[in-house]
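Letter by letter, the chains look like this.
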Amino acid sequence: MVMASAAVAAVATESVLMKKTNTSHFLPASGVLLASLVLPGLAALVAATPLNASAENAPEKSTIAIKYGTYKDSQPGWDRVQVDAPQLYVQAPIAGVWALEGSWVGDSVSGASPRWHTQTTGASRMSDYRNAGDFRVTRFFPRAAVSASVAYSNEHDYTSSAIGLDARWSTEDNNRTWTVGYGSSSDRIDNTYSGGDVVNQRKRTHEFMAGVTQVLTPSDIAQFNLTRSFGEGYYNDPYKTLDTRPNSRNTWIALARWNHHVESFDASVHSSYRYYNDTFGVRSHTLGLEWVQPAGRWTFTPGLRYYSQSAASFYLDPIMDAQGNYDAQAVLMRAVSLNGQNQSTDQRLAAFGAVTLSMKVAYALTPATTIDLKVEAYKQRTSWHLGGSGSPGLDPFDAQFVQIGLTHRF
Amino acid sequence: MSRWRTLRFDFSAMASPCSVQMDGQDERLMRRAAQAMIAEVQRIEQKFSRYRESSVVSRINRAAGQQWVEVDAETLGLLDFAQALWTQSDGLFDVTSGVLRRAWDFKKAVLPDQGQLQALLPLVGWQHLERKGRQVRLTRTGMELDFGGFGKEYAADRAAAVLHNHQISHALVNLGGDLHALGGRGLPESASAPWHIEVQHPRPDPAQPQAPLALLPLTRGGLATSGDYERFFIQDGQRYCHILDPRTGWPVSHWQSVSVLAANAVTAGALATIAMLKGPVATDWLAAQNVDYLMVQHDGHRVHHTQQLPP
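All values reported here derive from a predicted model rather than from experimental measurement. (Residues numbered from 1 in each chain as written. Chains lettered and ligands numbered in written order. Predicted model: local features only at pLDDT ≥ 70, side-chain atom pairs only at ≥ 80, totals over all residues.)

Draft legend 1. Main features of the sheet that holds strand S4 (residues 129-132) of chain B. Residues and elements named next belong to chain B. Strands sit in the order S3-S5-S4 across an open sheet of 3 strands; the sheet is antiparallel. Two strands lie at the open edges of the sheet, namely strand S3 (69-70) and S4, each paired on one side alone. Inspection of the sheet shows S3 paired to strand S5 (residues 135-138) by 2 bridges, in the antiparallel sense. Across the sheet, Glu-70 pairs through a bridge with Gln-135, a residue of S5. (Pairing = 2+ DSSP bridges. Helix = DSSP H or I, 4+ residues; strand = E, 2+ residues; numbered from the N terminus.)

See the structure below:
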């Protein structure tokens, strides 16, 4: 189901994060070296000294991770979509200079989603299952690494396949790492199976990324990435009434991150800012803040994220009658009169703000085995839109995400 | 600014010959930096040497089994590091094991009395050191704290930090074989080339006693060597060296020498010593620490691992 894409995105983000932690761009430093940096007067020196001669080392151990996530969203008086997603991730080193990674996720999606704005009447019901897998191979060189990946995902009405290539290399002192990447995806949308009228529609995207990661001080690392993507093809949502979108969508994404180690708490602060705009007219800002606090075998990571977006240029506000109620008749008449032009009443293209509160707790059973629990609460309100009241006439929207996981290295 | 020159200052500290070599253009700055650096090494020696009555280590040792001693932040930092080394070496690197020297006399070259060694073993154990805020206490009378296991390396790193703060960017600090390089050579004809360090041969050829084991290039970071040739005696064909296993009180014998290159000297020195103590399993353990090393096994066989050195 195309409808499920928002829910699936939340889960997909998780699997991306999982991969990030397993092929960390940050320099491996030995335990003894880390302990020595706490010695008085030595940290300043290490700013001038590389922690390690190779930017990124091939993994020495295999990793297997099993996660189970569940996502549920709702608006007042109505539970909308539920997603259950078991995940598997495996990474294996080969011959010291190669790493193979593979992951699989199976989502089952069920529930209902509005055909207009946040209207419960006439919502489209759905129940679907998505299988997605990816495979990635990385070759490590002194101070550099190159990766190639393929990914495939399949639902009964939506098939997506993607390839990617990326490379990263570091300066001689290892204080700076450059990254470039290219990705391409090809999607097919066809819902005739469930009685729909979308037949064999296609969508293609090309994405280019460049970034730099800089060690600023022994306690500070900053990262900046710029991504440009070009997409062409079918962007409509077949489960919304008279939803017609442009057949191309080009985006700019700028991402800045700053990680700071707080000596006195032995903790880290991860902060990020993301800017997004696209040719639909959507412009968004995301601010993220996480506090990573180790305490013996435990690690606690509370997080806060604020998101705000402007509406797409072809998003249409609800029409209200004299009593202030949703006037479905007027909305339909407008849609029909605009038929053939770009228009959408999809809540996800409206202007709104959202806040996510999250807490992740990890516990190391042994040095090689970690279990973790992550809980996220997402609240979306039009009134939280940055610098204005956002789109009128929409109900609040909430979502919860809970994930448990087990990771083992051997 | 004037022409490039190399200056070398020799001095003696921590019972070892020491030197610093610098490439630069501002001779007055280089001399000032060297002076400040030597003062820093002497400060550390006075503060932490167990041979100095007034050192903080001597104060803690005199109070063993009795009262708490209040110490400053630098000492607390060294204690934290000692704790980390003890934990990460599974108890092999223990700054309280110096007391075993009472049983071992390398000058007289006689094996210790087993009874005396057994009596000393209960005085060895980091777990018998208590801490409470800024206060520290050895709980057993007769216990001894000794930062000798990484003191010289710590001084080499601090010395390099002093040079760094004086805007020196091409220097090599050598404190009795524990080295810290602060950037490569500076002279225009050899700009950025590494310093070349001679590593002493653990079993020198009598025909060429000065021939080194290896010539290692070092541009940045620390290099330290631990070996069974520094203090030892041989009895009935068996070599007894000064590196003692804190669990048994007896010398290690698997490695003749271990040299480690790491981001700083204190890490290199600690890893080299722990490798000597670990015996046959040291190779895997060092590899996991992401450092380069050169080790000579008891039979003369060499093991090395290189990330930054040409093979």
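Once the structure has been displayed, the description carries forward.
Draft legend 2. Representation of the nonpolar core in the model. All names here are of chain B. Val-260, Leu-271 and Ala-275 are the most contacted members of the largest nonpolar core, which has 92 residues in total. Top element by residues in this core is helix H6 (residues 265-278). It accounts for 10 residues. When residues of this core are assigned to domains, at least three map to each of domain 1 (1-50 + 146-183) and domain 2 (56-145). The contact partners of Val-260, leaving out residues within four places of it in the chain, are Ala-224, Ala-268, Leu-271, Ala-272, Val-291 and Tyr-293. (Core = buried A, V, L, I, M, F, W, Y, C linked by C-beta atoms within 7 Å. Buried ≥ 20, exposed ≤ 12 C-beta atoms within 10 Å, placed from the backbone. Domains from an automatic or database assignment. Contact = placed C-beta atoms within 7 Å.)

Draft legend 3. Inspection of the packing of helix H5 (residues 151-165) of chain B against H6(B) at higher detail. All names here are of chain B. At their nearest, the axes of H5 and H6 sit 7 Å apart, and the two run at 160 degrees to each other. The orientation of H5 with respect to H6, classified from their angle, is roughly antiparallel. Note on packing geometry: the crossing formed by H5 with H6 is right-handed. Contact residues: Glu-153, Tyr-154, Ala-156 and Asp-157 in H5; Ala-265, Val-266, Ala-268 and Gly-269 in H6. Grouping the constituent residues of the contact of H5 with H6 by class yields 5 nonpolar, 1 polar and 2 charged. (Axes fitted to C-alpha atoms, helices over the stretch in contact; angles between N-to-C directions. Parallel < 35°, antiparallel > 145°, perpendicular 65-115°, else oblique. Left-handed = near helix turned anticlockwise from the far one by under 90°. Nonpolar A, V, L, I, M, F, W, Y, C, P; charged D, E, K, R; others polar.)

Draft legend 4. Expanded view of helix H1 (residues 27-48) of chain B. Residues and elements named next belong to chain B. Taking 1.5 Å of rise per residue, the 22 residues of H1 would be expected to cover 32 Å, and the 32 Å separating its terminal C-alpha atoms lies within 8% of that figure. Within H1, burial applies to Met-30, Ala-33, Ala-34, Met-37, Val-41, Ile-44 and Phe-48. On an axial view of H1, the arc spanned by its buried residues comes to 100 degrees, and they lie on one face. Away from its buried face by more than 90 degrees, H1 exposes Arg-28, Ala-39, Arg-43 and Gln-46. Lining the buried residues of H1 we find strand S1 (5-13), strand S2 (16-24), helix H2 (56-62), H5 and strand S6 (171-175). (Expected span 1.5 Å × (residues − 1). Arc of directions from axis to C-beta.)

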